[in-house]
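The lines below spell out each chain.
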Amino acid sequence: MTRADAVARVAAALPPRALAIACNGMIGRELYTHGDAPSRFYMIGSMGLASSIGLGLALVRPSRTVVVFDGDGNVLMNMGALGSVAAAGAANFYHVVFDNAAHGSTGDQRTISDRVPLDRVAAAAGYRSAARVRAGEPLDAPLAVLFASPGPSMLLVEVERGNQPGIGRVELEPRQLADRFRAAAGACEPSC
Amino acid sequence: MLSQRFLDVLETNGYDFFTGVPCSLFEGVTRILDAEPRYGYVSAVREDAALGLAAGAFLGGRQPVVFMQNSGLGVGVNALVSLHQIYDIPTLIVVSWRGQDGRDAPEHLIMGAVMEDFLRLLGIPFRHLAAATLTDDVAALTATMRETRKPVALVVPKGPLQ
C-alpha cells in the first residue's frame with residue numbers, strides 16, 4: 001500500500017470528533033490533501049515532536065480522541081517521547097506510524113526502522129497495545145480494533161516508499177492552522 | 001517560601017500547564033510541582049519534547065510554562081523557531097542561568113556566556129528574575145507574550161528558586 005493511500009484510509013476511519021496531529025513532511029501533506037478538516041493540525045517543522053504535541057493535547061482534552069499521524073523518521077528522532085506517552089497512560093492517545101523505513105520527504109534515504117521494530121519499542125516502553133500491519137495486509141480491521149480499545153496504543157502500518165506525484169503543500173498559514181484547530185478542539189470556550 | 005510564591009504568581013497570571021526538564025537552580029519549584037498532583041506537571045524527557053507538550057496543551061486551550069536549564073535552549077531551538085514562533089504559540093520559558101559570570105562547571109561556561117545574546121538572536125524577549133521584582137517580572141513578560149503571541153523567557157539566577 002502506498003503511504004498516501006494508508007493515510008487516507010486512516011483519516012476516513014477516525015472516530016467522530018477526533019483530533020489529529022500530523023508530523024511534518026509528506027505525511028502531513030497527504031493528510032491535508034486527502035482528509036483536511038479544522039480538527040487536523042499539520043506540523044510543518046519541529047521534526048520528531050508530533051507525538052509530544054499529541055500527548056500535551058490528549059492530557060488537557062481527555063474527553064477527545066487524539067490521533068497522531070507519524071512516520072518512522074519522526075519517531076526515531078525523538079524516541080524518548082514514546083516513554084512519555086507510555087508513562088502518561090492517556091487512554092485517548094492513539095499513535096499511527098506509517099513506516100517505510102525511509103525519510104520519504106527528503107528522497108527516501110534509509111532510516112533504521114527495518115532493524116528497530118518501533119511497535120515493539122512502544123510495547124516495551126509501556127503502550128497499552130502496539131500492533132503492526134504488514135505490507136499487503138488489510139488495514140480496516142486493525143483500525144477498528146485500535147479505536148475500539150483504550151490507549152495509549154500504536155498501530156504501525158508498513159507502507160511502500162515513494163511519493164504521490166503532485167501532492168499539495170499545506171496552504172494555510174501556520175497561525176491559521178493553530179487557530180482553527182483550537183476552535184475545533186474547544187480551546188476557545190468561552191473565548192480565545 | 002519563594003518557590004511557592006513563584007508558582008502562585010504564575011497561576012495568578014493564567015498559567016495552567018507545567019512541563020519541563022529540571023535544573024538545580026529551580027529545584028525548589030520542581031520539588032513542589034513533583035509533589036502536588038494538582039499542577040499536573042509533566043516531566044519531559046528533553047527540552048524540545050517539553051516544548052512539544054506545551055504546544056499541544058496550548059492547542060487544547062491551556063497556557064503553558066516550560067522549565068529548562070539553559071543547556072536545554074540548544075536542544076529546544078528548533079521547536080522554538082519552527083513550531084512556537086511560526087504558529088504563534090505563546091509560552092513562558094523559565095530558564096536557569098548556569099555559567100553566569102563565568103563561574104560554573106566547564107560544560108556550562110560557553111552557553112552561560114552567550115545565553116543573553118542567544119535569546120536576543122532568536123527574538124525571544126526575556127527578563128531576569130529577582131525576588132524583589134518577581135510579581136512585576138512575570139506580569140510584564142506575560143503581557144508581552146499575550147500581545148505578541150510568541151514565547152518569552154524568564155531567566156533564573158542561582159539562589160531564589162533553589
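Residues numbered from 1 in each chain as written. Chains lettered and ligands numbered in written order. Predicted model: local features only at pLDDT ≥ 70, side-chain atom pairs only at ≥ 80, totals over all residues.

Draft legend 1. Broad picture of the sheet that holds strand β2 (residues 40-42) of chain A. All names here are of chain A. With respect to topology, six strands assemble into an open sheet ordered β2-β1-β3-β4-β8-β7, the strand pairing being parallel. The outermost strands of the open sheet, each flanked by one partner alone, are β2 and β7 (129-133). If you compare each strand with its neighbour and ignore which way they point, the axes differ by 15 degrees on average. Contacting β3 (66-71), β4 (93-99) and β8 (153-158), helix α1 (residues 3-12) runs over the sheet at an angle of about 160 degrees to β4. (Pairing = 2+ DSSP bridges. Helix = DSSP H or I, 4+ residues; strand = E, 2+ residues; numbered from the N terminus. Axes fitted to C-alpha atoms, helices over the stretch in contact; angles between N-to-C directions. Contact = placed C-beta atoms within 7 Å.)

Draft legend 2. The interface of chain A and chain B, seen in detail. At the junction of the two partners, chain A supplies 27 residues and chain B supplies 25 residues. Counting only elements with at least two residues in the side of chain A that touches chain B, the list comes to α3 (50-60), α5 (80-88) and α8 (174-184) of chain A. Top contributing element to the side of chain A that touches chain B by residue count: α3 of chain A, with eight residues.

Draft legend 3. Summary view of the sheet that holds strand β3 (residues 64-69) of chain B. All names here are of chain B. With parallel pairing, six strands are arranged side by side in an open sheet as β2-β1-β3-β4-β6-β5. The outermost strands of the open sheet, each flanked by one partner alone, are β2 (42-43) and β5 (126-128). One ladder, built from five bridges, connects strand β4 (residues 92-96) with strand β6 (residues 152-156); its direction is parallel. In the strand pairing of β6, Ile-93 is matched with Ala-153. In the packing of helix α6 (residues 134-148) onto the sheet, the strands contacted are β4, β5 and β6, and the crossing angle to β6 comes to about 160 degrees.

Draft legend 4. Inspection of unusual backbone geometry at higher detail. Between Gly-151 of chain A and Pro-152 of chain A the backbone carries a cis peptide bond, its omega angle lying at 0 degrees. Non-glycine residue Asp-108 of chain A carries a positive phi angle of around 60 degrees. With respect to the secondary-structure elements, Asp-108 of chain A resides in the loop between β5 (102-103) and β6 (109-110). Notably, Asp-88 of chain B is not glycine yet its phi reads approximately 60 degrees, a positive angle. Following the sequence through the fold, Asp-88 of chain B ends up in the loop between α4 (71-87) and β4.

Draft legend 5. Highlighting the environment of Val-7 of chain A. All names here are of chain A. Take Val-7: it is sitting in helix α1. C-beta crowding within 10 Å serves as the criterion here: with 28 such atoms nearby, Val-7 is assigned to the buried category. Distance in space between the C-alpha atoms of Val-7 and Val-157 is 9.6 Å, their sequence separation being 150 residues. Once you skip the residues sitting within four places of it in the chain, Val-7 turns out to touch Ile-27, Glu-30, Leu-31, His-34, Phe-69 and Phe-98. (Buried ≥ 20, exposed ≤ 12 C-beta atoms within 10 Å, placed from the backbone.)

Draft legend 6. Representation of the pairing of β7 of chain A in the model. Looking at chain direction, β7 of chain A and β8 of chain A are connected through five bridges and run parallel. Residue Val-133 of chain A lies in a different strand from β8 of chain A, and its bridge partner there is Val-157 of chain A.

Draft legend 7. How the structure looks around the nonpolar core. Of all hydrophobic cores here, the largest spans 112 residues; its most connected members are Ile-21, Ala-22 and Phe-69 of chain A together with Leu-154 and Val-156 of chain B. The dominant element in this core, judged by the number of residues it contributes, is helix α3 (residues 47-59) of chain B, at nine residues. In this view, Val-156 of chain B contacts Leu-25, Phe-26, Val-94, Val-95, Ser-96, Trp-97, Leu-129 and Leu-161 of chain B; residues no more than four positions away in its chain are not counted. (Core = buried A, V, L, I, M, F, W, Y, C linked by C-beta atoms within 7 Å.)

Draft legend 8. Seen up close, helix α5 (residues 106-121) of chain B. Residues and elements named next belong to chain B. With 16 residues, α5 extends 23 Å between its outermost C-alpha atoms, agreeing within 8% with the 22 Å of an ideal straight helix rising 1.5 Å per residue. The largest bend along α5 reaches roughly 55 degrees and is located at Met-115. For α5, the secondary structure elements touched by its buried residues are α4, β5 and β6. Of the residues trailing α5, Gly-123 is marked for its positive phi of about 70 degrees. (Expected span 1.5 Å × (residues − 1). Bend = angle between axes of the 7 residues up to and from the residue.)

Draft legend 9. Region of the structure containing the environment of Thr-142 of chain B. All names here are of chain B. Among the secondary structure elements, Thr-142 is positioned in helix α6. Among the residues examined, Thr-142 registers 21 C-beta atoms within 10 Å and is labelled buried. Linking Thr-142 and Gly-14, residues 128 residues apart in sequence, is a C-alpha distance of 9.0 Å.

In short, shape yes, function no, at least from these values alone.
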